Every structure is written in structure tokens, then in C-alpha cells.
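One-letter residues, chain by chain:
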Amino acid sequence: SVYGESIYGTTQSPFKKEPKWGLYTQKDTTIYAHVFRWPKDGKLTVKISKKMTLKGISFMDESAGEINYTVEGNKAVLTLPKEAANKTDTVIVMEYE
């Protein structure tokens, strides 16, 4: 129920290839990164849509804290906590204009 918005009524990934750590879904101007394999070093690289302007990146579960990130071309490098908020599927929200 916490992540329903990132699943129901979404479309498949807007990117040609899914990452090794999980998958993407999209609804309107929001892309959801479903992280199944948490990075041991706390760094996660996500793709950025070339068709829209990125507004921000955050955890869907707000109790997981904030995400610091830097944008490098068509990718963003996220600095994450050592432990996943949800060991099965932590959802990261990328909001666009």
C-alpha cells in the first residue's frame, strides 16, 4: 500500500535498458526507481530523462530520509543510507517538469 502509486497506473520504464539493481516505472512526469539490490557503497547511479527537466529526487517513503545527489549528463549519482528503507523494494521518486 505504501508503494501503490509507483505500481498501479504506471507504464514501463522510459529507458531502453533496466539497471542491474532494479527497474523503473513511470506515471506522467514522475519516474520511480525500484531498488531491489541496495548498493553496498551507498552510491546509486540512475538515468535521467532527456525529454523532461528534473525537479528533484526523494524516497517515496519519507521516513527513509533525504537523498543527496549530483547530476552528471544524463545520469544522477545518489548518496544513500547504508541500509535500505525496505529490504525488498525501496522506491526512489524522480520528479520532472
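Structure shown above.
Residues numbered from 1 in each chain as written. Predicted model: local features only at pLDDT ≥ 70, side-chain atom pairs only at ≥ 80, totals over all residues. Heavy atoms only, no water.

**As for the nonpolar core**
Nonpolar side chains in soluble globular proteins tend to end up buried together.
Alright, step 1. Tyr24, Leu44, Val46, Leu78, Leu80, Ile92 and Met94 are the most contacted members of the largest nonpolar core, which totals 21 residues.
Alright, step 2. Contributions of two or more residues to this core are made by β2 (30-35), β3 (43-47), β4 (54-59), β6 (75-79) and β7 (90-96).
Alright, step 3. The contacts of leucine 80, once residues within four sequence positions are left out, are Trp38, Pro39, Gly42, Leu44, Phe59, Ile67 and Ile92.
Alright, step 4. Counting five residues, the second-largest nonpolar core is a separate cluster that includes Tyr3, Tyr32, Met60 and Val91. (Core = buried A, V, L, I, M, F, W, Y, C linked by side-chain atoms within 4.5 Å. Buried < 20%, exposed > 50% of the residue type's maximum accessible area, 1.4 Å probe, protein only. Helix = DSSP H or I, 4+ residues; strand = E, 2+ residues; numbered from the N terminus. Contact = heavy atoms within 4.5 Å.)

**Some thoughts on the environment of alanine 33**
Alright, step 1. Its place among the elements puts alanine 33 in strand β2.
Alright, step 2. Residue classification places alanine 33 among the buried residues on the basis of a relative accessible area of 0%.
Alright, step 3. Here the alpha-carbon distance between alanine 33 and valine 91, two residues 58 residues apart in the chain, equals 5.6 Å.
Alright, step 4. Apart from the residues within four sequence positions on either side, alanine 33 is in contact with Trp21, Leu23, Tyr24, Thr90, Val91, Ile92 and Met94.

**A word on the sheet that holds β6**
Alright, step 1. With antiparallel pairing, three strands are arranged side by side in an open sheet as β3-β6-β5. Either end of the sheet is taken by a strand with one partner, and the two such strands are β3 and β5 (68-72). Direction aside, neighbouring strands of the sheet carry axes that sit 25° apart on average.
Alright, step 2. The pairing of β3 with β6 spans five bridges and is classified as antiparallel. (Pairing = 2+ DSSP bridges. Axes fitted to C-alpha atoms, helices over the stretch in contact; angles between N-to-C directions.)

**Considering the sheet that holds β7**
Alright, step 1. The strand order across the open sheet formed by four strands is β1-β2-β7-β4, and the pairing between neighbours is antiparallel. One side of each edge strand has no neighbouring strand; the edge strands of this open sheet are β1 (22-27) and β4. Within this sheet the neighbouring strands show an average axis-to-axis angle of 20°, counted without direction.

**Here's the deal with the side chain of glutamine 26**
Alright, step 1. Considering the arrangement of structural elements, one finds glutamine 26 in strand β1.
Alright, step 2. A polar contact is formed between the side chain of glutamine 26 and the backbone oxygen of aspartate 28, at a distance of 3.0 Å. (Polar contact = N/O pair within 3.5 Å; in protein donor to acceptor, adjacent residues only side chain to side chain.)

**A word on a positive patch on the surface**
Alright, step 1. On the surface, a cluster of positive charge is contributed by Lys16, Lys17, Lys20, Arg37, Lys47, Lys50 and Lys75.
Alright, step 2. Mapped onto the elements of the fold, lysine 75 is located in strand β6.
Alright, step 3. By relative accessible area, which is 41% here, lysine 75 ends up partly exposed. (Patch = residues over 30% accessible without salt bridge, like charges linked within 9 Å, V, L, I, M, F, W, Y side chains within 5 Å. Areas by Shrake-Rupley, 256 points an atom, 1.4 Å probe, with all protein chains shown as cover. Salt bridge = Lys/Arg side-chain N within 4 Å of Asp/Glu carboxyl O. Lys, Arg positive; Asp, Glu negative; His and termini not counted. Charge placed at Lys NZ, Arg CZ, Asp CG, Glu CD.)

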